Amino acid sequence: MASVRQACRPRHQVLTLKCYPQYQKGVVEVKPNPSELSYLLYYLSTRRSKLTKVGAFLTKRVSKDVWRRRLGNVQVALHILTALIEKMSPRPPHLRGFCPDRD
């Protein structure tokens, strides 16, 4: 059933969700899956229009995880955002999806 649900999702959401590791009880430090994270970073560097969509998806996901007190998932999302900012830092115009203009 989960594979059917994954098939209906957009590709950027599937790649983002694959970065999250399986739940492990008693683990304090949770990090994203490194190979999936590197593929997500490659995907976003080649398709820059998806950066805003991934940012919006992570925002929604983090707010849901904070509400349900899934602190491990929040740590993973912060690692993903940190990696995105570090990867895209030489190109500041592409970070506009994370920093909208305040007027």
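Because the structure is predicted, anything quoted here is derived from the model rather than measured. (Residues numbered from 1 in each chain as written. Predicted model: local features only at pLDDT ≥ 70, side-chain atom pairs only at ≥ 80, totals over all residues. Heavy atoms only, no water.)

Participant: Can you break down a positive patch on the surface residue by residue, with the values?
Facilitator: Together, Arg9, Lys60, Lys64 and Arg68 line one region of the surface with positive charge. By the element assignment, Lys60 lies in helix H4 (residues 50-67). (Patch = residues over 30% accessible without salt bridge, like charges linked within 9 Å, V, L, I, M, F, W, Y side chains within 5 Å. Areas by Shrake-Rupley, 256 points an atom, 1.4 Å probe, with all protein chains shown as cover. Salt bridge = Lys/Arg side-chain N within 4 Å of Asp/Glu carboxyl O. Lys, Arg positive; Asp, Glu negative; His and termini not counted. Charge placed at Lys NZ, Arg CZ, Asp CG, Glu CD. Helix = DSSP H or I, 4+ residues; strand = E, 2+ residues; numbered from the N terminus.)

Participant: Kindly report on the pattern of salt bridges, identifying the contributing residues and their values.
Facilitator: Across all of its chains, the model carries two salt bridges by this definition. The salt bridge involving Arg61 is made with Asp65; its shortest N-O contact spans 3.3 Å. Of this pair, Arg61 and Asp65 both sit in helix H4, four residues apart, roughly one helical turn. Accessibility expressed as a relative area gives 22% for Arg61, which makes it partly exposed. Under the relative-accessibility criterion, Asp65 is labelled buried at 1%. A salt bridge links Arg70 to Asp65; the shortest N-O distance between them is 3.6 Å. The class for Arg70 is partly exposed, based on a relative accessible area of 36%. The structure contains a network of salt bridges with shared partners spanning Arg61, Asp65 and Arg70. (Buried < 20%, exposed > 50% of the residue type's maximum accessible area, 1.4 Å probe, protein only.)

Participant: Which residues make up the layout of surface pockets, and what values do they have?
Facilitator: Of the volumes computed, that of the largest pocket is approximately 440 Å³. If you trace the largest pocket, you find 16 residues lining it, with Pro21, Gln22, Tyr23, Gln24 and Asn73 closest to the centre. At four residues, helix H5 (residues 71-88) tops the list of elements feeding residues into the lining of the largest pocket. In terms of residue class, the lining of the largest pocket is made up of eight nonpolar, seven polar and one charged. (1 Å grid on protein atoms, 1.4 Å probe; cavity = no way out; pocket = protein on both sides within 12 Å on 5 of 7 lines; lining within 4 Å. Points joined across faces, edges and corners; volume = space filled by probe spheres on them. Nonpolar A, V, L, I, M, F, W, Y, C, P; charged D, E, K, R; others polar.)

Participant: So what's going on with the packing of helix H2 (residues 11-18) against helix H3 (residues 34-46)? Which residues, and what values?
Facilitator: Between H2 and H3, whose axes approach to 8 Å, the crossing angle comes to 150°. One element, H2, and the other, H3, form an angle in the roughly antiparallel class. Two packed elements cross with a definite hand, and for H2 against H3 that hand is left-handed. Residue-level inspection shows Arg11, His12, Leu15, Thr16 and Lys18 of H2 in contact with H3, the latter providing Glu36, Tyr39, Leu40 and Tyr43. Here the residues of the contact of H2 with H3 are counted per class, giving four nonpolar, two polar and three charged. (Axes fitted to C-alpha atoms, helices over the stretch in contact; angles between N-to-C directions. Parallel < 35°, antiparallel > 145°, perpendicular 65-115°, else oblique. Left-handed = near helix turned anticlockwise from the far one by under 90°. Contact = heavy atoms within 4.5 Å.)

Participant: Quick rundown of unusual backbone geometry? Include the residues and the values.
Facilitator: With phi around 60°, Arg69 is a residue other than glycine that occupies positive phi space. Mapped onto the secondary structure, Arg69 falls in the loop between H4 and H5. Take Arg69: its relative accessible area is 72%, and that puts it in the exposed class.

Participant: Describe H3, and please don't skip the residues or the numbers.
Facilitator: Taking 1.5 Å per residue as the helical rise, H3 with its 13 residues ought to reach 18 Å, and the 18 Å between its terminal C-alpha atoms agrees with that figure. Where H3 is concerned, the buried positions are Leu37, Leu40, Leu41, Tyr43, Leu44 and Ser45. Contacts made by the buried residues of H3 are with H2, H4 and H5. (Expected span 1.5 Å × (residues − 1).)

Note that every value here comes from positions in space, so none of it alone points to a role or purpose.
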